[in-house]
Amino acid sequence: MAIDRDPFCSLVFLAFLAVSFSVGDSEYIAYNTTPSIIPDKLNVHIVAHTHDDVGWLKTVDQYYVGSNNSIQGACVQNVLDSIIPALLADENRRFIYVEQAFFQRWWRQQSDAIKKTVKELLSSGQLELINGGMCMHDEATVHYIDMIDQTTLGHRYIKQEFGIIPRIGWQIDPFGHSAVQAYLLSAEVGFDALYFFRMDYQDKEKRKELKRLEVVWRGSKSLGSTTEIFAGIFPKNYEPPPGGFYFEVNDDSPVVQDDPLLFDYNVQERVNDFVAAAISQANITRTNHIMFTMGTDFKYQYANSWFRQLDKFIHYVNKDGRVNALYSTPSIYTDAKYASKESWPLKTDDFFPYADNPNAYWTGYFTSRPALKGYVRLMSGYYLAARQLEFLKGRNSFGHTTDSLADALAIAQHHDAVTGTEKQHVANDYAKRLSIGYSQAEKLVGTSLACLTELNSTSDCDNITTKFEQCPLLNITYCPPSEVDLSHGKTLIILVYNSLGWKRADVIRIPVISESAVYDSKGNEIESQLLPISDASVNFRNNHVKAYTGFSPSTTPKFWLAFPVSVQPLGFNTYFVKSAIGKGSVSVTSTFYSSQQSTNGNIEVGQGNLKLLYNVDDGTLTHILNTRSLVKTTMELSYSYYAGDSGRGSDPQASGAYIFRPNGTFPIAPKEEAPVTIVQGPILDEIHQQISPWIYQISRVYKGKEHIEVEFTVGPIPVDDEIGKEIVTKITTGMLTNKTFYTDSNGRDFLRRVRDYRSDWDIQVNQPVAGNYYPINLGIYIQDNNTELSVLVDRAVGGSSIVDGQIELMLHRRLLHDDGRGVGEALNETVCVDDECEGLTVRGKFYIRIDPLGEGSKWRRSFGQEIYSPLLLAFSEQDGGNWTSSHITEFSAFDPSYSLPDNVALVTLQALEDGNVLLRLAHLYEVREDKDLSSIAYVKLTKMFPGKKITNIIETNLSANQERSEMEKKRLKWPVEGSTRAEAIVRGGPVDASKLVVELAPMEIRTFLIKFDYITFGKIGDR
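Residues numbered from 1 in each chain as written. Predicted model: local features only at pLDDT ≥ 70, side-chain atom pairs only at ≥ 80, totals over all residues. Heavy atoms only, no water.

J.: How should I be thinking about the overall build of the protein chain in this particular structure?
T.: The secondary structure content of the protein chain amounts to 19 helices and 50 strands. Relative to the compact-globule value of 31 Å for 1023 residues, the protein chain shows a C-alpha radius of gyration of 31 Å, a close match. Across its three principal directions, the C-alpha atoms of the protein chain cover 130 × 65 × 60 Å. Taking the average place of the 100 positive charges on the side chains of the protein chain and the average place of its 125 negative ones, the gap between the two points comes to 4 Å. (Helix = DSSP H or I, 4+ residues; strand = E, 2+ residues; numbered from the N terminus. Rg over C-alpha atoms; globule rule 2.2 N^0.38 Å. Lys, Arg positive; Asp, Glu negative; His and termini not counted. Charge placed at Lys NZ, Arg CZ, Asp CG, Glu CD.)

Set out below in structure tokens:
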């Protein structure tokens, strides 16, 4: 019987025959990934990478081991474990890694065999360590010294362990980019290029049109072309290009399906996608080289899932022939760009503020988590001093060291740490690490000071008996060593250490429980002043001491004891506090004065050159006058809050940890006329004001100073009305400032800002407040034709001049909505005591000064150093005996007649494990900043280290991982469009080993590795 065949069945049968035939011919495909650069084609540099946040949604250790995955499935250990065999599978594959905090954790756990393999991969260039710091630090809220320290920590480890010097900056995720990052943390460490992506969306679109995404960035007007760096800005982000190129195990991008035996064969389709993405990117950049960043956050946990696809893309794209694809690294890409001999546009200043859409200015994080920012800054200054003391005592790897604090501070510079953009439990982890690091460094500081002060201590300080205590909670009026009963003949010993390189005169204040008198190291009573501690301070102290220590204070101090101190450079002085009850004493109890007592319309405050004038009726500051310089201006200090936008309107963008989006501004004023309480005495005057139930302000005017010290206590910010609030203080004058103000770059250079203006493009102003906010680490100032008004800060904050003649600082933020940038949490910090929680209260300081035009920089630079490096106080107690007979009471590590020049700062003095000493000296002034101090400075090393023979001195790059001369020989110099580079740049000359004098040009930082023929440092004070 004949069978009629269905036509469809016939087609299926033919297809089956075809498949059966193909199976017989199927074979292994050897993908050709041999790298080559083809001059007449578009070369696509495939850069395989992972971006591993050193804490964000999870803590740094949770990210490393892969725990707490209910928050985020991320395990850095898996990434590094997986990368090594994937690279070994094909010698053409390449991978870059950045975060040393993770890499060093992983490296410590590896076998000798794995370490040998990794070193071979590093040597061959298949694995490249770039950037090289412990983290990818932030660029807005970090101080330049912290940036240097964390970078140095990573760079020196890489050099010592692997003999490698990173040559590429890779700042792909920070939320805006600073001039200091460009010239100091890129060019001066020896990088050949710097890559990043976050910049204002308007600026980026303009640069795409003009093919200006890659530039030569000149970040310093003082150092000019000598510190230029090639900067590459990614066109979209640091992820793969548009078109579906994500290949983690669970990603949904279509893989290259090149097996004809299987359904969904798509080789040509995927090649077309790749070529289209390449051509699109090539159309907005210059030369025939582009970079595809193949990776993103915590990718390559199963590296083969990526490399399998990248192998196929390279193989098939190159067979297609329209473009050339190759495994590459940023170093290879940079060299290819340089070889093109293209001239590049010039970029000056910085890339702040950053916005990614019209209502999303990333300027809120300039202030977010102000308590953490303050803690980081405090620990930074302490670390600088502790390293000096570690050097003076002599480093002992078996004793207490600064290493733990170094690691904690390095991690805290991460762009989701000090920024305040992490989850709360991660912020707690950063603070915990800092606290642990401090406790170790505190022991080192105590033993070092004891060793230096005891006359009978041995060279290794193993017989010291003096015990010093310190007061890390002095900012909340808590100092147990000073809160002791001295009525029975006890003496409180206060050793005051000065970490600056010049002699310092200051006033210190300590809480005491009774009337006390102060004596200097020669036994002479010195002038002192007792200031009653306000009820607000006592209440704040009691609540927060219990929150931090777990118990309530056993005593309540009655007074602040204030007295002047004078301390030699890099040295200490000793002061003695005794009971003054029933004895004749020059200690003066302050007098009180309330504005309610006055019938006159004004009150003048100030014992010295600085005078403040207050209005009696409403308690407001009205004028400020310097009787020495004869500068006078109207002035008002006020507080306001911006209501944080909830994102419930037509644009869902809320104000949050990253974003500042105000929805109206509202003045904060007392509901009733609050009297001004004035406390006066021979050393300082204080003006106390209860601005609101949750804002308390103390303004201090010291007799020997010409600035106002303003201490603010803000919080708990009320949110019962379900409105988040962003608290600002405003300093308002009558100055005519023409929209112009100046803010610092990471505590270093000052940059000119103009309201509603950008030098690189015509800005469309959508957020007139948030869009004019800038990061402040050192200070902000305004000027008119006659006067400068400067404001310095004690931590990173956001600030601006929204109105002519006015400076505005954001002090605190408490918000109720997440801003949609990934953290998934509202910025709503609380403090809990006995299971009762309330909003976080923040206490801090800012400082105000007026000067004649052109004279403010001296104060900004010198006093800025004093803010960063406060006097270090150590306390001991003596019951009878004679301290001066058994202890050195005055000490300086310098020659007695020497101090550093007024325009030079001692940035680093550190004993290294290898026996070298790391020394950094920084010129504090820019060119033309000051008529006298913007000049070459000279530092005499023989005077800095008297009695010490320097046997070898090598100048290095900033991060101390290579000789500077070698760095300058090999660092790439990039051609600039239309530039003849005729400017005269001054740099300090080589150090003559016979003279040992260091020259420093304006804004120059010079780094040295020094070897000494050691004589015991502990006995320097015997001279």
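J.: Looking at this structure, I do not really get the nonpolar core. What am I missing?
T.: Soluble, globular proteins show a tendency: their nonpolar side chains are buried together. Of all hydrophobic cores here, the largest spans 148 residues; its most connected members are Trp-170, Phe-274, Tyr-300 and Phe-307. Per element, the largest residue contribution to this core is eight residues, and it comes from helix 10 (residues 303-320). Core analysis: the second largest hydrophobic core is formed by 94 residues, Ala-182, Val-215, Val-445 and Leu-906 among them. (Core = buried A, V, L, I, M, F, W, Y, C linked by side-chain atoms within 4.5 Å. Buried < 20%, exposed > 50% of the residue type's maximum accessible area, 1.4 Å probe, protein only.)

J.: What am I meant to see in the sheet that holds strand 9 (residues 324-327) here?
T.: Strand pairing within a sheet occurs via backbone hydrogen bonds; the two strands may be parallel or antiparallel. Spatially, three strands are ordered 8-1-9 in an open sheet, and the strand pairing comes out parallel. Two strands in the sheet have a free side with no partner beyond their single neighbour: strand 8 (289-294) and strand 9. Each adjacent strand pair in this sheet contributes to an overall mean axis angle of 25 degrees, direction not counted. Taken together, the four bridges between strand 1 (residues 43-48) and strand 9 define a ladder with parallel strand orientation. Paired with Ile-46 across the two strands is Tyr-327, which belongs to strand 9. Against the sheet, helix 10 contacts strand 1, strand 8 and strand 9, and its axis sits at roughly 150 degrees relative to strand 9. (Pairing = 2+ DSSP bridges. Axes fitted to C-alpha atoms, helices over the stretch in contact; angles between N-to-C directions. Contact = heavy atoms within 4.5 Å.)

J.: Would you mind going over the pairing of strand 46 (residues 917-923) with me for this structure?
T.: Side chains on a regular strand alternate between the two faces of the sheet. Of all the seven residues making up strand 46, seven are buried; the element is thus mostly covered by neighbouring parts of the structure. Side chains Val-917, Leu-919, Leu-921 and His-923 of strand 46 all project onto a buried face; the interleaved residues Leu-918, Arg-920 and Ala-922 project onto the opposite face, where all are buried too. Pairing between strand 45 (residues 904-911) and strand 46: seven bridges, direction antiparallel. Paired with Thr-908 across the bridge in strand 46 is Arg-920. The turn joining strand 45 and strand 46, which pair antiparallel and follow one another in sequence, is formed by five residues; a positive phi near 95 degrees is taken by Gly-915. Both strand 46 and strand 50 (residues 1005-1013) contribute to a ladder of six bridges, which runs antiparallel.

J.: Looking at this model, I keep getting lost on the pattern of salt bridges. Mind explaining?
T.: What the rule picks out here adds up to 64 salt bridges. Residues Arg-207 and Asp-760 are paired through a salt bridge, measuring 3.1 Å at the closest nitrogen-oxygen approach. Of this pair, Arg-207 sits in helix 8 (residues 201-210) while Asp-760 is found in the loop between strand 34 (750-754) and strand 35 (774-776), placing the two residues 553 residues apart along the sequence. Relative accessible area serves as the criterion here: at 29%, Asp-760 is assigned to the partly exposed category. A salt bridge links Lys-423 to Glu-825; the nearest nitrogen and oxygen atoms lie 4.0 Å apart. Note that Lys-423 is positioned in the loop between helix 13 (403-412) and helix 14 (424-453) and Glu-825 in the loop between strand 39 (806-814) and strand 40 (830-833), a separation of 402 residues in sequence. With relative accessibility at 13%, the residue Lys-423 sits in the buried group. (Salt bridge = Lys/Arg side-chain N within 4 Å of Asp/Glu carboxyl O.)

J.: Can you help me understand helix 13 in this one?
T.: Residue pairs three or four apart in sequence face the same way in an α-helix, which turns once every 3.6 residues. When you tally the buried positions in helix 13, you get seven out of ten residues, the bulk of the element. Regarding helix 13, the residues found buried are Leu-405, Ala-406, Ala-408, Leu-409, Ala-410, Ile-411 and Ala-412. Elements in contact with the buried residues of helix 13: helix 4 (100-108), helix 6 (144-162), helix 12 (370-393) and helix 14.

Everything listed here is a matter of geometry and, on its own, says nothing about what the molecule does.
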